[in-house]
2 protein chains.
Amino acid sequence: VSEQKLKPDELAKEVLGGNRRLLARALTHIENESDGSAELLNALYPKTGNAYVVGFTGSPGAGKSTLVDRVAMNLVRRGKKVAVLAVDPSSPFTGGAILGDRVRMSQASDESSIFIRSMASRGALGGLGPKTAEMIFALDAVGFDFILLETVGVGQGEVEVVRTCDTVVLVLVPGMGDSVQALKAGILEIADVFVINKADYDGADRLEKELLSMLGLRQNAVFDPPIVRTVAVENRGIDETVEAMEKHRAYASESGERETRRESFLRQAFNIELDSALRDAFDKTVDEKLMLKLEKDLLERKGDPRSLARSLVATLKLK
Amino acid sequence: VSEQKLKPDELAKEVLGGNRRLLARALTHIENESDGSAELLNALYPKTGNAYVVGFTGSPGAGKSTLVDRVAMNLVRRGKKVAVLAVDPSSPFTGGAILGDRVRMSQASDESSIFIRSMASRGALGGLGPKTAEMIFALDAVGFDFILLETVGVGQGEVEVVRTCDTVVLVLVPGMGDSVQALKAGILEIADVFVINKADYDGADRLEKELLSMLGLRQNAVFDPPIVRTVAVENRGIDETVEAMEKHRAYASESGERETRRESFLRQAFNIELDSALRDAFDKTVDEKLMLKLEKDLLERKGDPRSLARSLVATLKLK
């Protein structure tokens with residue numbers, strides 16, 4: 001059979017057998033929810049649960065991409081198979097040129113130990129799509145030891161996804177105007193490892209001092225997140241970053257934290273899918289005329305969104 | 001009757017009559033979806049549609065809060081009634097002390113032309129909550145001329161909300177490491193007004209040049225977003241910011257863009273409420289035993305989230 005005509009189970013078999021070009025195609029199917037992607041995922045999911053998933057987050061400009069690339073190469077030299085899943089910052093303005101090198105890397109051969117995938121942004125707006133979890137499942141199933149998820153972790157949805165990674169690395173830079181105080185609430189709390197990147201810049205000492213003092217205020221903390229200094233572009237501090245990740249990994253495995261997070265990750269993915277399935281079922285059964293009437297009321301400011309939505313759902317028989 | 005015992009319609013009447021202390025309480029009811037909040041909203045919604053809603057967004061540390069405060073004061077001096085709705089950056093670490101001054105302002109008397117409300121963050125994670133639209137409805141209904149919505153607009157959900165504001169102001173600062181290229185994709189596209197704050201810092205010229213060159217690449221642009229330089233802490237450039245907002249307001253009214261965005265805003269609010277109503281209805285009818293069985297399959301990696309969710313919804317009779 002030609003590759004174009006592969007059935008989902010055949011595609012799954014090829015992908016599980018190590019075909020990287022077809023892996024890229026499988027990820028696209030999953031991302032687009034195209035026909036057969038449900039069967040594909042079904043075939044892959046039972047093989048998941050072995051990869052170690054590390055979320056990298058931080059402000060734009062913190063140097064996350066470079067750091068993630070260096071960490072990935074470091075892990076490869078340690079004999080690991082590594083996948084990188086990155087939010088594609090391309091836009092009508094920036095053109096996505098930043099990822100030029102990465103695209104080349106991702107076209108490496110089947111034997112290579114590294115695989116890089118940029119996630120298409122949802123609409124024009126970027127951000128982690130609802131399919132992030134499923135893409136992680138696919139990469140996990142095909143046998144990557146590490147999956148490095150890279151994201152601009154300042155939005156609600158993104159923080160929710162990243163926090164259920166096995167280990168969360170927060171990348172900061174000195175003197176960027178965003179002192180620790182200005183960081184989005186919640187970001188500090190979810191970090192297991194702090195990386196001060198561009199540590200050769202002025203202000204690294206002050207940033208570390210601020211971090212330590214903030215961390216000292218934490219109630220009930222059971223794990224002291226390591227603080228690592230890096231200059232990713234010069235490959236400095238990368239060993240230490242990997243060791244800090246491993247330190248948290250060991251703690252998380254022993255304490256049961258790893259299992260807890262994995263369950264949260266799966267439940268979260270399930271909830272996203274459940275909401276989407278409910279909405280699809282609703283769209284198929286809703287009375288179009290009633291819907292148009294309610295929309296009219298909404299736009300004419302006769303009924304507020306909440307009460308219109310509730311009254312609409314109340315007309316459904318759910319059992 | 002004592003204030004504690006006010007019924008929703010009585011509370012609505014007081015709030016519409018200008019009682020600011022009760023407005024604060026009404027907003028809390030709405031935010032928490034407490035009993036009676038649906039009736040309250042019902043009473044307020046028909047009075048909406050008059051306020052001009054301006055979304056302020058940008059990276060942490062860009063000086064948004066200061067800028068928003070200055071713009072608010074400037075509008076008040078022009079005889080306008082202004083409400084500020086800000087994401088509260090408080091967290092177990094930062095303690096929310098940043099908002100100290102604002103809290104004092106928000107306790108101003110009924111006669112004051114300014115009202116400041118911090119939105120509680122959802123969970124520990126911050127971010128715009130699903131109730132943002134409803135809080136805007138309430139502020140709109142009670143007669144504020146301007147509602148300034150301030151947010152760290154780097155997450156998907158937040159961008160979605162902000163983009164449907166009547167006017168979107170993107171606040172940038174020079175030399176913060178986040179050059180225009182590093183900005184999250186999608187943010188530039190939704191800006192109607194660019195403010196270069198801290199314009200006395202090095203790099204303001206370069207930032208403006210970068211912005212102009214990016215904007216030049218835009219296809220089909222019908223409105224040239226003004227670029228304004230401010231030093232908000234010194235109250236410089238605030239008149240110009242307000243004028244730039246008004247310039248976009250005039251364009252949006254004439255071109256029909258204003259109506260389009262308002263419809264998007266309402267539809268978006270309706271969709272959020274519809275998903276939530278569907279989920280509530282589902283939770284009330286779902287077979288608990290089946291749910292537990294599926295969860296077990298999920299955690300034991302026997303069934304993936306998407307197929308489990310679909311099979312669960314398929315057991316429902318929706319009509």
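Calculation notes
Residues numbered from 1 in each chain as written. Chains lettered and ligands numbered in written order. Predicted model: local features only at pLDDT ≥ 70, side-chain atom pairs only at ≥ 80, totals over all residues. Heavy atoms only, no water. Helix = DSSP H or I, 4+ residues; strand = E, 2+ residues; numbered from the N terminus. Buried < 20%, exposed > 50% of the residue type's maximum accessible area, 1.4 Å probe, protein only. Areas by Shrake-Rupley, 256 points an atom, 1.4 Å probe, with all protein chains shown as cover. Salt bridge = Lys/Arg side-chain N within 4 Å of Asp/Glu carboxyl O. Phe/Tyr/Trp six-rings, centres within 6.5 Å; stacked < 30°, edge-to-face > 60°. Contact = heavy atoms within 4.5 Å.

Colleague: Report on the overall build of chain A, specifying residues and quantitative values.
Modeller: Looking only at helices and strands, one finds 13 helices and seven strands in chain A. For chain A, with 319 residues in total, the buried portion stands at 54%. Within the structure as shown, chain A displays about 13600 Å² of accessible surface, and the carbon and sulfur contribution to it stands at 50%.

Colleague: Tell me what's going on with the pattern of salt bridges, and back it up with residues and numbers.
Modeller: As enumerated under the stated definition, the model contains 46 salt bridges over all chains in all. In the salt-bridge network here, residues are joined through shared partners; they are Glu-33, Lys-131, Glu-134 and Glu-273 of chain A together with Arg-306 of chain B.

Colleague: Can you explain the packing of aromatic side chains? Please cite residues and give values.
Modeller: One pass over the full model with this rule turns up 10 aromatic pairs over all chains. Ring centres 4.8 Å apart and planes at 20° place the aromatic pair Phe-223 of chain A and Tyr-251 of chain A in the stacked group. Taken together, the residues Phe-223 of chain A in the loop between α9 (204-216) and β7 (227-229) and Tyr-251 of chain A in helix α10 (residues 238-255) connect sequence positions 28 residues apart. Accessibility expressed as a relative area gives 12% for Phe-223 of chain A, which makes it buried. Since its relative accessible area comes to 21%, Tyr-251 of chain A is described here as partly exposed. Judged by centre distance (5.0 Å) and plane angle (85°), the rings of Tyr-45 of chain B and Phe-137 of chain B are edge-to-face. Of the two residues, Tyr-45 of chain B sits in the loop between α3 (37-44) and β1 (52-57) while Phe-137 of chain B sits in helix α6 (residues 132-141), which places them 92 residues apart along the sequence. Just as Tyr-45 of chain B is buried, Phe-137 of chain B falls in that class too. Aromatic ring contacts, followed pair by pair, group Tyr-45, Phe-137 and Phe-265 of chain A into a single cluster.

Colleague: Give me unusual backbone geometry: which residues, what numbers.
Modeller: Phi is mostly negative for residues that are not glycine, and the peptide bonds are mostly trans. Residues and elements named next belong to chain B. In this structure, Lys-198 is a non-glycine residue whose phi angle is positive, near 55°. When you line up the elements, Lys-198 lands in the loop between β6 (193-196) and α9 (204-216). Taking relative accessible area as the criterion, Lys-198 reaches 23% and is therefore assigned partly exposed. The backbone of Asn-235 sits at a positive phi, close to 65°, despite the residue not being glycine. Within the element layout of this structure, Asn-235 appears in the loop between β7 (227-229) and α10 (238-255).

Colleague: I'd like a description of the environment of Ala-269 of chain A, backed by residues and values.
Modeller: Examined against the element boundaries, Ala-269 of chain A turns out to sit in helix α11 (residues 257-285). Ala-269 of chain A gets classed as buried once you look at its relative accessible area, which sits at 9%. In this structure the C-alpha to C-alpha distance between Ala-269 of chain A and Lys-131 of chain A, which are 138 residues apart in sequence, comes to 8.6 Å. The contact partners of Ala-269 of chain A, leaving out residues within four places of it in the chain, are Ala-133 and Phe-137 of chain A together with Pro-305 of chain B.

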